[in-house]
Amino acid sequence: MTKINYLKNKFNEDVIESIEESKKFGYIPTRFIQMLQKENNDGYKLALKIVKTNAVSGLEKLWEMGRLDLTMEARILKPEYKDLFSKEIIDICTKKLKQLGYKVYNF
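Quick caveat: nothing in here was measured; it's all calculated off a predicted structure.

(A) Representation of the overall build of the protein chain in the model. When its secondary structure is counted, the protein chain shows six helices and zero strands. The N-to-C order of helical and strand elements in the protein chain reads α-α-α-α-α-α. Computed over the C-alpha atoms, the radius of gyration of the protein chain is 13 Å, within 12% of the 13 Å expected from 2.2 N^0.38 for a compact globule of 107 residues. For the protein chain, the residues scored as buried account for 39% of the 107 residues in total.

In structure tokens:
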């Protein structure tokens, strides 16, 4: 398995983990789950699609709950995924999260 494939698999597991953690706090991201299923449960592929959009309902809900760490954007910015995403994607995520007051660490 290549490093990139390993990172994609690990990222996908991270996305699933964030869904499960959200459920524990009473938030079931139904629309996000549907989009993930439409992408054959490929979190990486979904990330590339939705980060560039202005879809913010889940982001706003998690912000209200004080759990921005569970957002797709925060998962993308984890240091272990720096080789997986382009600078453009990282910059978009950084901007969205900073606007909501989330502490973003640079790689």
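So that's the structure; there's more coming.
(B) Structural context of helix α2 (residues 30-38). Among the residues of α2, those classed as buried are F32, I33 and L36. The buried residues of α2 occupy one face: seen down the axis, they fall within an arc of 100°. Pointing more than 90 degrees away from the buried face of α2 are the exposed residues R31 and K38. Directly beyond the C-terminal end of α2, a positive phi value near 55° is found at N40.

(C) Quick peek at the pattern of salt bridges. In this structure the tally under the stated criterion is 13 salt bridges. With its nearest N and O atoms 2.6 Å apart, the salt bridge here joins E39 to K49. With E39 in the loop between α2 and α3 (43-50) and K49 in helix α3, this pair connects stretches of sequence that are ten residues apart. On the accessibility criterion, E39 (8% relative accessible area) is buried. As a salt-bridge pair, E88 and K52 come within 3.3 Å of each other at their nearest N and O atoms.

(D) Structural view of the side chain of S18. Note on placement: S18 falls in helix α1 (residues 3-24). In terms of polar contacts, S18 uses its side chain to reach the backbone carbonyl oxygen of V15, at 2.7 Å.

(E) Just the packing of α1 against α3, in detail. For the pair α1 and α3, interaxial distance at closest approach is 8 Å and the crossing angle is 75°. With respect to α3, the element α1 is oriented roughly perpendicular. Each of K8, F11, N12 and V15 in α1 lies in contact with α3, whose residues at this interface are G43, Y44 and A47. Here the contact of α1 with α3 is composed, by residue class, of four nonpolar, two polar and one charged.

(F) A look at unusual backbone geometry. One non-glycine residue, N40, adopts positive backbone phi at about 55°. The topology assignment puts N40 in the loop between α2 and α3. Phi at N41 takes a positive value of approximately 60°, unusual for a residue other than glycine. You can see N41 is positioned in the loop between α2 and α3.

The rules behind each value
Residues numbered from 1 in each chain as written. Predicted model: local features only at pLDDT ≥ 70, side-chain atom pairs only at ≥ 80, totals over all residues. Heavy atoms only, no water. Helix = DSSP H or I, 4+ residues; strand = E, 2+ residues; numbered from the N terminus. Rg over C-alpha atoms; globule rule 2.2 N^0.38 Å. Buried < 20%, exposed > 50% of the residue type's maximum accessible area, 1.4 Å probe, protein only. Arc of directions from axis to C-beta. Salt bridge = Lys/Arg side-chain N within 4 Å of Asp/Glu carboxyl O. Polar contact = N/O pair within 3.5 Å; in protein donor to acceptor, adjacent residues only side chain to side chain. Axes fitted to C-alpha atoms, helices over the stretch in contact; angles between N-to-C directions. Parallel < 35°, antiparallel > 145°, perpendicular 65-115°, else oblique. Contact = heavy atoms within 4.5 Å. Nonpolar A, V, L, I, M, F, W, Y, C, P; charged D, E, K, R; others polar.

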